[in-house]
Amino acid sequence: MFSRSLVRMAAALVLAWLLVLPAQARAEGLLVFAAASLKTVLDQIAEDWRAQTGKTVTISYAGSSSLARQIEQGAPADIFISASVDWMDYLESAEMIRTGSRKELLGNRLVLIAHGREAADVALEAGADLAELLGDGRLAMALVDSVPAGVYGKQALSSLGLWDRVVSKVAQTDNVRAALALVSSGEAPFGIVYASDAMADAGVSVVAGFPEGSHAPIIYPGAIVATSVDPDADDFFSYLSSPAAEEVFKAQGFTPLFGQGNG
């Protein structure tokens with residue numbers, strides 16, 4: 001019979017091996033950290049790239065703020081695509097993205113959505129009574145102090161003089177796709193998302209667009225993470241600026257910015 005010490009040693013070795021496996025798995029294959037609003041379009045582009053190259057891409061979606069902090073803490077991402085220049089600036093200032101790799105990829109628009117496909121348009125202007133329109137319902141928004149879509153939304157509402165009237169009715173979510181889901185499911189009658197998000201969900205309608213000057217420009221910068229050693233990182237990042245990817249971005253409501261003098 002085996003001694004208890006040998007049994008304990010064997011158990012410890014098995015546990016150590018099991019703990020190493022996830023780290024090894026994470027180290028294999030290209031890993032992209034991307035803003036949640038990019039899910040539909042990047043899933044398509046990643047599938048197109050796989051069909052062309054036979055290589056797969058793992059994409060982790062969340063709020064840009066959360067992803068940037070994960071990279072800061074050592075998450076093994078190869079590429080980061082943010083919905084805000086601020087969070088890319090944050091990582092760049094910490095020297096956590098590869099020098100010279102940063103590129104402005106996309107633009108987007110901010111819209112007010114309502115539950116259902118036949119919702120009536122809303123006159124979204126200074127002095128509009130959005131609070132009355134909400135009634136007892138909530139206005140779904142991504143986190144207004146950290147997630148880009150929420151930050152843009154708060155800026156726009158403040159610019160129109162509406163923020164103080166609706167702040168008590170805002171339901172904040174971890175990312176813009178979670179806000180979209182609240183409206184699509186009917187949990188919230190209205191929400192603020194990107195135009196591309198609204199296109200991706202048949203359960204909502206765009207009832208108003210926010211004036212461009214009411215918030216900071218919506219720009220999605222991308223970059224290769226400084227710690228990336230995956231040889232496919234450069235290839236996939238270049239593919240994001242290809243004519244094939246451009247057509248997919250346009251079809252899903254984004255405005256490609258690459259090829260406009262930004263790299």
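Caption draft 1: Representation of helix H3 (residues 64-72) within the structure. For H3, the complete set of buried residues consists of Ser64, Ser65, Leu67, Ala68 and Ile71. Down the axis of H3, the buried set is contained in an arc of 165 degrees. They therefore lie on one face. Looking one or two places after H3, you find Gly74, whose phi comes out positive at around 105 degrees.

Caption draft 2: Examining the sheet that holds strand E1 (residues 30-35) more closely. Strand order in the open sheet formed by six strands is E2-E1-E3-E10-E4-E11, and the pairing between neighbours is mixed. One side of each edge strand has no neighbouring strand; the edge strands of this open sheet are strand E2 (57-62) and strand E11 (255-256). Bridge count for strand E4 (residues 103-107) against strand E10 (residues 219-224) is four bridges, and the pairing is antiparallel. Of the residues in E10, the one forming a bridge with Gly107 is Ile219. Those strands touched by helix H10 (residues 232-239) are E1, E2, strand E3 (79-81), E4 and E10, and its axis lies near 160 degrees from that of E10.

Caption draft 3: Broad picture of the pairing of E1. Within E1, six of the six residues are buried, leaving the element largely enclosed by the surrounding structure. Burial of E1 is two-sided: the residues Leu30, Val32 and Ala34 facing one way and the residues Leu31, Phe33 and Ala35 facing the other way are all buried. In this region the chain leaves E1, passes through helix H2 (residues 39-53) and returns to the parallel neighbour E2; the handedness of that crossover is right-handed. Bridge count between E1 and E3: three bridges; the pairing is parallel. Directly across from Val32, in E3, lies its bridge partner Ile79.

What counts, and where the lines are drawn
- Residues numbered from 1 in each chain as written.
- Predicted model: local features only at pLDDT ≥ 70, side-chain atom pairs only at ≥ 80, totals over all residues.
- Heavy atoms only, no water.
- Buried < 20%, exposed > 50% of the residue type's maximum accessible area, 1.4 Å probe, protein only.
- Helix = DSSP H or I, 4+ residues; strand = E, 2+ residues; numbered from the N terminus.
- Arc of directions from axis to C-beta.
- Pairing = 2+ DSSP bridges.
- Contact = heavy atoms within 4.5 Å.
- Axes fitted to C-alpha atoms, helices over the stretch in contact; angles between N-to-C directions.
- Right-handed = clockwise from strand over helix to strand, strands pointing away.

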